[in-house]
Amino acid sequence: MRSLSLLLVLLLPSIARAETTTAAFSVVLDPGHGGDDTGIRRDPLMEKSLTLEVARSVGKIFEGRSDRRVILTRNADLSVPLNERKRIANEASPGIFISIHFARSPSPESGGPHVYVLAAPKVGGTTSPLNVEEAHAKSLGESWKLAALSASTLSDPPGSARIAPLPLAPLLGVTLPSILIELDALSSKEAARWQDPATIDDAAHKIAAAIDRYLAGDSSLDRIPPPGKNPPP
Ligand SMILES: [Zn+2]
């Protein structure tokens with residue numbers, strides 16, 4: 001398992017070189033699905049391919065930046081278990097974790113990005129014994145900040161990207177500040193635009209811009225709630 005994970009963690013070459021000289025901040029990008037798990041399909045689009053293309057594009061944008069180390073939880077069409085993805089993330093501290101996905105919506109009219117942060121799973125109306133809120137208390141506020149900046153850069157028109165707390169499996173157990181971005185609904189009538197490399201490139205630049213703002217300590221979004229509280233309206 002160890003050797004498998006070493007194969008899976010592919011550091012971009014220029015950034016890997018910088019690792020020996022600087023304590024680079026890790027940007028862990030998690031392209032959703034892979035291998036037999038295609039994610040959402042809308043011929044000819046496949047979620048597993050789009051998420052990988054976007055993650056690779058973000059990595060290319062940061063190539064040559066010695067202050068950050070980009071790590072992909074998969075850099076091929078491979079099935080990687082969630083626990084392995086989380087192990088990769090948690091060993092990359094200090095850093096942030098961004099899981100990239102697409103969605104399926106009930107209406108072809110609805111699409112666009114959504115950003116999620118972890119919420120504790122509820123069992124019978126009370127927090128589960130996992131006590132996820134507590135485990136993530138340190139990073140949850142930072143997760144909200146990263147989510148707010150991501151929603152801000154991804155919104156087109158401004159304010160359109162929503163943020164929500166959900167007990168999402170890809171985020172459970174990740175100790176880094178972490179978010180899950182659904183870039184669009186592939187069921188949307190406008191989803192064909194994802195066949196255009198320019199759409200992939202645009203999404204990657206927006207994610208990279210959000211990461212830049214986060215790492216620069218952008219505090220322009222001051223409506224970020226404390227851990228465990230409700231998201232900004
Ligand atoms: Zn997905």
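Reading the values: rules and limits
- Residues numbered from 1 in each chain as written.
- Predicted model: local features only at pLDDT ≥ 70, side-chain atom pairs only at ≥ 80, totals over all residues.
- Heavy atoms only, no water.
- Helix = DSSP H or I, 4+ residues; strand = E, 2+ residues; numbered from the N terminus.
- Buried < 20%, exposed > 50% of the residue type's maximum accessible area, 1.4 Å probe, protein only.
- Contact = heavy atoms within 4.5 Å.
- Areas by Shrake-Rupley, 256 points an atom, 1.4 Å probe, with all protein chains shown as cover.
- pLDDT = per-residue confidence, 0-100.
- Phe/Tyr/Trp six-rings, centres within 6.5 Å; stacked < 30°, edge-to-face > 60°.
- Lys NZ or Arg CZ within 6 Å of the ring centre and 35° of its normal.
- Donors = N, O, S within 2.8 Å, 3.2 Å for Na, K, Ca; no water.
- Polar contact = N/O pair within 3.5 Å; in protein donor to acceptor, adjacent residues only side chain to side chain.
- Axes fitted to C-alpha atoms, helices over the stretch in contact; angles between N-to-C directions.
- Parallel < 35°, antiparallel > 145°, perpendicular 65-115°, else oblique.
- Left-handed = near helix turned anticlockwise from the far one by under 90°.
- Nonpolar A, V, L, I, M, F, W, Y, C, P; charged D, E, K, R; others polar.

Draft legend 1. Looking closely at the overall build of the protein. Summing up its helical and strand segments, the protein has seven helices and eleven strands in all. Expressed as a percentage of its 233 residues, the buried residues of the protein come to 47%. If you take every contact in the protein between residues at least 6 apart in sequence, the share linking residues at least 24 apart comes to 81%. A total accessible area of about 11100 Å² is found for the protein, and carbon and sulfur atoms account for 55% of it.

Draft legend 2. Spotlight on the confidence of the model for the protein. Here the protein averages 83 in pLDDT, and 76% of its residues register 70 or above. Considering each helix and strand of the protein separately, the mean pLDDT is smallest for helix α2 (residues 13–18), with a value of 40, and largest for helix α3 (residues 47–61), with 98. Scored below 50 in pLDDT, residues 1–22 makes 40 contacts in the model with residues more than four places away or belonging to other chains. Below a pLDDT of 50 lies the segment residues 224–233, which in the model reaches 20 contacts outside its immediate sequence neighbourhood of four places, other chains included.

Draft legend 3. The arrangement of unusual backbone geometry in detail. At the junction of Ser93 and Pro94, the peptide bond is cis and its omega measures out at 0 degrees in the coordinates. Tracing the chain through its elements places Pro94 in the loop between α4 (82–90) and β6 (95–103). Between Asp156 and Pro157 the backbone carries a cis peptide bond, its omega angle lying at 5 degrees. Within the element layout of this structure, Pro157 appears in the loop between α6 (137–154) and β10 (162–166). Positive phi, close to 65 degrees, is recorded for His33, a residue that is not glycine. Structurally, His33 can be placed in the loop between β2 (25–31) and β3 (41–42).

Draft legend 4. Inspection of the packing of aromatic side chains at higher detail. For the coordinates displayed, the defined rule picks out one aromatic pair. Directly above the aromatic system of Phe62 lies the positively charged group of Arg68, at a separation of 5.0 Å from the ring centroid. Against the face of Tyr214 rests Lys145, its NZ or CZ located 5.6 Å from the ring centre.

Draft legend 5. Representation of the coordination of the zinc ion within the structure. The protein atoms donating to the zinc ion are His33 (NE2), Glu47 (OE) and His101 (ND1), with metal-donor distances spanning 2.0 to 2.2 Å. Each donor residue of the zinc ion belongs to the same chain, with the gaps between them written as H-x13-E-x53-H. Of this pair, Glu47 sits in helix α3 while His101 sits in strand β6, placing them 54 residues apart in sequence. Judged by relative accessible area, which is 2%, Glu47 ranks as buried.

Draft legend 6. Molecular detail of the side chain of Arg68. Here Arg68 is to be found in strand β5 (residues 68–72). Among the polar contacts made by the side chain of Arg68, one reaches the side chain of Asp212 at a distance of 2.4 Å.

Draft legend 7. How the structure looks around the packing of α3 against helix α7 (residues 197–215). With their axes 8 Å apart at the nearest point, α3 and α7 run at an angle of 55 degrees to one another. With respect to their mutual orientation, α3 and α7 come out oblique. The crossing of α3 and α7 is right-handed. Contacts between α3 and α7 pair Leu50, Glu53, Val54, Ser57, Val58 and Ile61 from the former with Ile200, Ala204, His205, Ile207, Ala208 and Ile211 from the latter. Among the residues making up the contact of α3 with α7, the classes are represented as nine nonpolar, two polar and one charged.

Draft legend 8. View of the side chain of Lys48. As for its placement among the helices and strands, Lys48 is situated in helix α3. The exposure class of Lys48 is buried, given its relative accessible area of 9%. Ignoring any residue separated from it by four or fewer positions in sequence, one finds Lys48 in contact with Gly32, His33, Gly34, Gly35, Asp37, Thr38, Arg74 and Asp77.

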